[in-house]
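Here is what each chain is made of, one letter per residue.
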Protein chains: 2
Amino acid sequence: MKRIELQKDILSHNNSIGSENGDTFARKGIFVLNLMSSPGAGKTTLLERTIELLKGRYQLGVIEGDIATAFDAERIGAHGVPVTQINTGGACHLDSSMIRKVLADFDLDRLDMLIIENVGNLVCPAEFFLGEDAKAVILSVTEGEDKPLKYPLIFRLATALIINKIDLLPHIECSVPRIIRDATGINPSLAVFQTSCTGRQGLDAWKAWLEGEMHKKKKSRPNT
Amino acid sequence: MKRIELQKDILSHNNSIGSENGDTFARKGIFVLNLMSSPGAGKTTLLERTIELLKGRYQLGVIEGDIATAFDAERIGAHGVPVTQINTGGACHLDSSMIRKVLADFDLDRLDMLIIENVGNLVCPAEFFLGEDAKAVILSVTEGEDKPLKYPLIFRLATALIINKIDLLPHIECSVPRIIRDATGINPSLAVFQTSCTGRQGLDAWKAWLEGEMHKKKKSRPNT
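Definitions and cut-offs
Residues numbered from 1 in each chain as written. Chains lettered and ligands numbered in written order. Predicted model: local features only at pLDDT ≥ 70, side-chain atom pairs only at ≥ 80, totals over all residues. Heavy atoms only, no water. Helix = DSSP H or I, 4+ residues; strand = E, 2+ residues; numbered from the N terminus. Contact = heavy atoms within 4.5 Å. Pairing = 2+ DSSP bridges. Axes fitted to C-alpha atoms, helices over the stretch in contact; angles between N-to-C directions. Disulfide = S-S within 2.5 Å. Buried < 20%, exposed > 50% of the residue type's maximum accessible area, 1.4 Å probe, protein only. Least-squares fit on C-alpha atoms with pLDDT ≥ 70 in both. Lys, Arg positive; Asp, Glu negative; His and termini not counted. Salt bridge = Lys/Arg side-chain N within 4 Å of Asp/Glu carboxyl O.

1. Quick notes on the environment of valine 62 of chain A
Residue and element names in this part refer to chain A. Along the chain, valine 62 falls in strand 2 (residues 60-66). In this structure the C-alpha to C-alpha distance between valine 62 and proline 82, which are 20 residues apart in sequence, comes to 6.4 Å. In this structure valine 62 touches Leu47, Ile51, Ile76, Val81, Pro82, Val83, Thr84, Phe106, Leu114 and Ile115, once residues within four positions along its chain are discounted.

Shown next as structure tokens:
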């Protein structure tokens, strides 16, 4: 019971700093996306494709969360957008304090969208609010159709589900209809996309959704 | 700092119950494997293939760890081996108390090997000793070659690495030599296997390794 209380304290502390981050993003009119998935589902590659589609029209920023290495920040940096790498040094998720610490790395007055790539983990990151407007979860078809029911929390809290690596469907057994049925059973308002980031399939709908969310955020910006 | 101290307390409490579990397994001469990976890397399918190869010659038991559902226990149960499902209800890893609680479900005097399939997570399960003789980590090639350096702890603590889904190599970009180089760089004594559990490739070497470990454990059994 002591452990449960402590867990509550940690989450409540994280939520309050997350709300402060959220206030900052609201004042600046920045749409913030928390991108989550298992290791290797394709977060960084989706991010690269997203940057290619939106760069030039919008000011993007990226925060890369990893336990170790700066591989992902190097990949994103090569696309010419501002990026900061957070190494958690072992921790299995990003928390709101880590985000607050790196916000000074960005010119927030210029940003339209900030994408936070969380640590590869289908469990823990879902519990830690960072101040984001939306959580997106990527599930690659190679992970199997049973994952929404086995890892329900992240699908319940997500606003968008990207079913990725659909180019591999001819080579594996995986029912995309079952993924969609189970995930929307858990969360009926989930926006679902089917993509291949190597084959560049399904990315237009994803881009249109992101643009819609960005515009909503700009419109709701408080007068300061 | 308070949080770090508490984390130490939790791990130390877990380790002491893990050691008690380990003493029980030693007395009974049971080889215990803690099988870990990201969600969808192929833990349950490897387990099914392993059971097919060893059943009849050895007495096997399986503990299935999942956040929710009994899908995996049902799959394993269909192969006619004793299996118990643990649902963590949200927790991102199994701990040694959860294992202790279900040991009474097995006839420990008869078992040769107990395989514990951990929650799908490449991060947290590595930190929690359950009383096992060996940790095995599965990395599927679809997850990408950069994972050993990005998630080093689990590769450092593992005794065996199973590089799985090699049947998909013709359809993706992934360097198996780089996985092996990086993983054995972190852990030079790692036993490495390359398998396809759907294509039934590479399983003989894995089976031989398991049999070797089982025999070592039987020989080291204390006289009671």
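Text resumes after the structure shown.
2. Here's the deal with the sheet that holds strand 5 (residues 134-140) of chain B
Residues and elements named next belong to chain B. Strand order across the open sheet formed by seven strands is 3-2-4-1-5-6-7, with parallel pairing between neighbours. Of all strands in the sheet, those bounded by a partner on one side alone are strand 3 (83-87) and strand 7 (191-194). Each neighbouring strand pair of the sheet contributes to a mean axis angle of 20 degrees, computed without reference to strand direction. In this sheet, strand 3 lies alongside strand 2 (residues 60-66) in parallel orientation, the contact comprising five bridges. Pairing of aspartate 66 across the sheet is with asparagine 87, part of strand 3. The sheet strands contacting helix 7 (residues 176-186) are strand 5, strand 6 (160-164) and strand 7, and the helix crosses strand 6 at an angle near 165 degrees. Relative to the sheet, helix 8 (residues 203-219) contacts strand 1 (31-37), strand 4 (113-117), strand 5, strand 6 and strand 7, its axis offset from that of strand 1 by approximately 140 degrees.

3. Observations concerning the state of the cysteines
For the structure shown, the criterion picks out zero disulfides over all chains. With no disulfide of its own, cysteine 92 of chain B has cysteine 124 of chain A as its nearest cysteine by sulfur position, at a separation of 3.5 Å. Judged by relative accessible area, cysteine 92 of chain B falls into the buried class, the value being 13%. A disulfide-free cysteine, cysteine 174 of chain B has its sulfur positioned 16 Å from the sulfur of cysteine 197 of chain B, the nearest such atom.

4. A look at the relation of the copies chain B and chain A
Under the fitted operation, chain B is carried onto chain A by 0.0 Å of movement along the axis and a turn of 180 degrees, and the coordinates agree to an RMSD of 0.0 Å. The transformation relating the two chain copies, once decomposed into turn and shift, fits a two-fold axis. Residue by residue, 100% of the interface of chain B is reproduced at the interface of chain A, so both copies engage with the same surface.

5. Considering the side chain of glutamate 64 of chain B
Position of glutamate 64 of chain B among the secondary structure elements: in strand 2. Buried charge without a salt bridge: glutamate 64 of chain B, with lysine 150 of chain A as the nearest opposite-charge side chain at an N-O distance of 6.3 Å. Apart from residues no more than four positions distant in its own chain, glutamate 64 of chain B is found in contact with Thr44, Leu47, Asp72, Ala73, Ile76, Val83, Thr84, Gln85, Ile86 and Glu117 of chain B.

6. Remarks on the pattern of salt bridges
As enumerated under the stated definition, the model contains 36 salt bridges over all chains in all. The salt bridge partner of glutamate 52 of chain B is arginine 49 of chain B, with a shortest N-O separation of 3.2 Å. Taken together, the residues glutamate 52 of chain B and arginine 49 of chain B, both in helix 2 (residues 43-54) and three residues apart, mark about one turn of the helix. Judged by relative accessible area, glutamate 52 of chain B falls into the partly exposed class, the value being 40%. Exposure remark for arginine 49 of chain B: the relative accessible area of 11% places this residue in the buried category. Across the pair aspartate 112 of chain B and lysine 218 of chain B runs a salt bridge whose closest N-O atoms are separated by 3.1 Å. With aspartate 112 of chain B in the loop between helix 4 (96-102) and strand 4 and lysine 218 of chain B in helix 8, this pair connects stretches of sequence that are 106 residues apart. Classification of lysine 218 of chain B by relative accessible area gives partly exposed; the value is 31%. Connected through salt bridges with shared partners, the residues Asp66 and Asp72 of chain A together with Asp146, Lys147 and Lys150 of chain B form a single ionic network.

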